[in-house]
Amino acid sequence: MLIMGYFNVVLGIFLGFLKSSNCANIFVSHYSGTVNTLTFSPATNSLTLNSSLRIGGQPSWLHWDLASRTLYAPDETSFGSGSLTAVSAANDGKLSQIGKSTAPLGAVACVLYGGGYIAIAHYQISTISTFKLPLSSSPSVLQTFSLKMSGPGTIPSRQDAPHPHQTFVDPTGAFILVPDLGADLIRIYAIGTGGELTACGSYVEVGGTGPRHGAFSGDGKILYIANELANTVHAFTFAYTNGCMSLTRFQTLTTFPNNSTAPKGSKVGEIHIKDNFLYVSNRRDLSFSPNDSIASFSLDSAGKMTFIDITSSGGHTHAHLIGKLGPQLASLRVGTTGTAESDNGLSAVLFDQ
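Values in this document were obtained by computation on a predicted structure and should not be read as measured data.

Caption draft 1: Inspection of the overall build of the protein at higher detail. When its secondary structure is counted, the protein shows zero helices and 26 strands. A compact globule built from 353 residues would reach a C-alpha radius of gyration of about 20 Å, and the protein, at 19 Å, matches this within 12%. Here the protein holds 353 residues, and the buried ones make up 58% of them. Relative to all contacts within the protein whose residues are 6 or more apart in sequence, the contacts with residues 24 or more apart total 50%. As presented, the protein carries roughly 13800 Å² of accessible surface, and 53% of it is formed by carbon and sulfur atoms. Within the protein, the 21 negative side-chain charges are centred at a point lying 3 Å from the centre of the 20 positive side-chain charges.

Have a look at this one:
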């Protein structure tokens, strides 16, 4: 079992991941504009607020670069000016801002690539942007891609425009994939030697699927995509041909027992792979009312998923997933309490590793 952070009220730490007797640092962002370090003490099973840094805006995601001990926080602000902030985390968890650039609005996820670049998904404004590092106060946007679609999708209320939800790198480091919830596409970009991206193809999903987030298997042979609107997980093999990636879907499962339909209002969230297990968060399903659930799957040697069970997430409307939960060890309220379906509570959690 692993650890889960849930984000509307409290950060909870659960048994299974923290096997060391040493204290562990945890990085947490809040939509009010802060990045925080919490320290967990196994000796006392307690969480304390170690450091808090106000960076402004609405930090929606954290990307941790362990080699440089830098956190990158994109900004989901929907008006005025957005930003991308770099935060240094000392070994003791103390935080300091080391760079900040103006960025397009509505950022929801980012990823480092190519040894010195970062790519951001901007859900609200149908855009992908890239930056060259290090960040500075002068404009440093490398590229912006304004995504288009011919008309509303199968679910017009959610698919009125392209809505890229994540950027992540393939196992070779040569391509970036972008699940587009609005356009029902998995967009693929080739990475150039100067960090520039070139759109080289897309996988077209069934209308109303709403691809949200993806992850590759530990051996780098299988791609899994979590679909928010269909409440499913897709498994793909892939090949590298003609300067791009081609995807072939070989399995689809829902995130509920017996491959059943999700409860009304439920929305698949994040996906995480650990060893031969895959975990997906179900948001607002209330299967363990008032808490939501985490679906667990085992993966065989060919990457085929087998549903195991759903378990309580220990909270609701969780944004980041790290795995199936054991008994709770500690909890700590961080910032103001958020409300369901609103971007006003905790937004991300990462461990210092």
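Caption draft 2: Spatial organisation of the pattern of salt bridges. The tally for this structure, following the rule as stated, stands at six salt bridges. Close ionic contact of Asp-352 with Arg-69 constitutes a salt bridge, the shortest N to O distance being 2.7 Å. Linking Asp-352 in the segment after strand S26 (346-351) with Arg-69 in the loop between strand S5 (63-65) and strand S6 (70-74), this pair joins segments that are 283 residues apart in sequence. The exposure class assigned to Arg-69 is buried, which follows from its relative accessible area of 15%. The residue Glu-228 makes a salt bridge to Arg-158 at a minimum N-O spacing of 2.9 Å.

Caption draft 3: Local environment of the packing of aromatic side chains. Within the structure shown, the criterion is met by nine aromatic pairs. With 5.7 Å between their ring centres and 25 degrees between their planes, Phe-175 and Tyr-240 make a pair best called stacked. Note that Phe-175 is positioned in strand S14 (residues 175-180) and Tyr-240 in strand S19 (residues 232-241), a separation of 65 residues in sequence. Residue class for Phe-175 comes out buried when judged on its relative accessible area of 9%. Ring pairing ties together the aromatic residues Phe-168, Phe-175, Phe-216, Phe-238 and Tyr-240, which thus form one cluster.

Caption draft 4: Region of the structure containing the sheet that holds strand S2 (residues 24-30). The strand order across the open sheet formed by four strands is S4-S3-S2-S26, and the pairing between neighbours is antiparallel. Strand pairing shows two members of the sheet lacking a second neighbour, strand S4 (46-54) and S26, which therefore form its edges. Across the sheet, the mean angle from the axis of one strand to that of its neighbour is 25 degrees, orientation sign disregarded.

Caption draft 5: Up close: the side chain of Ser-41. Mapped onto the fold, Ser-41 is located in strand S3 (residues 34-41). Classification of Ser-41 by relative accessible area gives buried; the value is 17%.

Caption draft 6: Region of the structure containing the sheet that holds strand S15 (residues 185-191). The antiparallel open sheet is built from four strands, whose spatial order is S13-S14-S15-S16. Bordering the open sheet on either side are strand S13 (168-169) and strand S16 (197-204), each of which pairs with just one other strand.

Basis of the calculations
- Residues numbered from 1 in each chain as written.
- Predicted model: local features only at pLDDT ≥ 70, side-chain atom pairs only at ≥ 80, totals over all residues.
- Heavy atoms only, no water.
- Helix = DSSP H or I, 4+ residues; strand = E, 2+ residues; numbered from the N terminus.
- Rg over C-alpha atoms; globule rule 2.2 N^0.38 Å.
- Buried < 20%, exposed > 50% of the residue type's maximum accessible area, 1.4 Å probe, protein only.
- Contact = heavy atoms within 4.5 Å.
- Areas by Shrake-Rupley, 256 points an atom, 1.4 Å probe, with all protein chains shown as cover.
- Lys, Arg positive; Asp, Glu negative; His and termini not counted.
- Charge placed at Lys NZ, Arg CZ, Asp CG, Glu CD.
- Salt bridge = Lys/Arg side-chain N within 4 Å of Asp/Glu carboxyl O.
- Phe/Tyr/Trp six-rings, centres within 6.5 Å; stacked < 30°, edge-to-face > 60°.
- Pairing = 2+ DSSP bridges.
- Axes fitted to C-alpha atoms, helices over the stretch in contact; angles between N-to-C directions.

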